[in-house]
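The chain contents come next:
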Amino acid sequence: MEYILAPWRWEYIKNAHNMPNCIFCDSLKLNSDEDAFILFRGNYNFIIMNKYPYNTGHLMIAPYRHLSSLEDCSEEEGKEMLELLKSSISNIKKLFQPQGFNIGMNLGKSAGAGVLEHYHLHVVPRWEGDSNFMAIFGNTKVLVSDVSTVYEKLAPLFKNK
């Protein structure tokens, strides 16, 4: 039997239920957008790579304000989030040519939210055949590139926004 290692998942699994702080707020406090994997900072929202991606290129758009409820966002925050979604899709298409996208929010614990107190929008590129037996039988997700490499390729595309 051949084994494919996914060591980056261990940190998430180990700490998923023990995160005392907000990952989005903590990322914004870092001195380096590259270290935080922040691709773009808008006026009201920012785009950040998912450190534990479902697929290569998985990113998230979150407001600067620490809001748990989408209903509490301002009109400006909502409009900008949609604009950042559009540019995210465009840039991911340029770089990876996905065949589709999953886009959505998990609002509330029962909906699968990993971060309850700071809503965010997931943008997940998809390709035919990207779901395979590994996740089911091997409890492992196979990615074609690590997060740092994807960040290095995507970041310049957002600088041209």
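In what follows, the structure referred to is the one given above.
Residues numbered from 1 in each chain as written. Predicted model: local features only at pLDDT ≥ 70, side-chain atom pairs only at ≥ 80, totals over all residues. Heavy atoms only, no water.

Trainee: Explain the overall build of the protein to me, and be specific about the residues and the numbers.
Mentor: Looking only at helices and strands, one finds six helices and five strands in the protein. From first element to last, N terminus to C terminus, the protein shows the α and β order α-α-α-β-β-β-α-β-β-α-α. Counting the 161 residues in the protein, one finds 41% classified as buried. Summarising the internal contacts of the protein: among those between residues at least 6 apart in sequence, 64% fall at separations of at least 24. Summing over all exposed atoms, the protein offers an accessible surface of approximately 9,800 Å²; the carbon and sulfur share of this is 53%. (Helix = DSSP H or I, 4+ residues; strand = E, 2+ residues; numbered from the N terminus. Buried < 20%, exposed > 50% of the residue type's maximum accessible area, 1.4 Å probe, protein only. Contact = heavy atoms within 4.5 Å. Areas by Shrake-Rupley, 256 points an atom, 1.4 Å probe, with all protein chains shown as cover.)

Trainee: Any details on the pattern of salt bridges? Residues and values, ideally.
Mentor: The full count for this structure, using the stated rule, is four salt bridges. Lys 79 is paired through a salt bridge with Glu 75; the nearest N and O atoms lie 3.0 Å apart. One end of the pair is Lys 79 and the other is Glu 75, both in helix α4 (residues 75-96) and four residues apart, which spans about a single turn. Taking the relative accessible area as the measure of exposure, Lys 79 reaches 53% and is therefore exposed. Taking relative accessible area as the criterion, Glu 75 reaches 55% and is therefore assigned exposed. (Salt bridge = Lys/Arg side-chain N within 4 Å of Asp/Glu carboxyl O.)

These results come straight from atomic positions and should not be treated as a statement about function.
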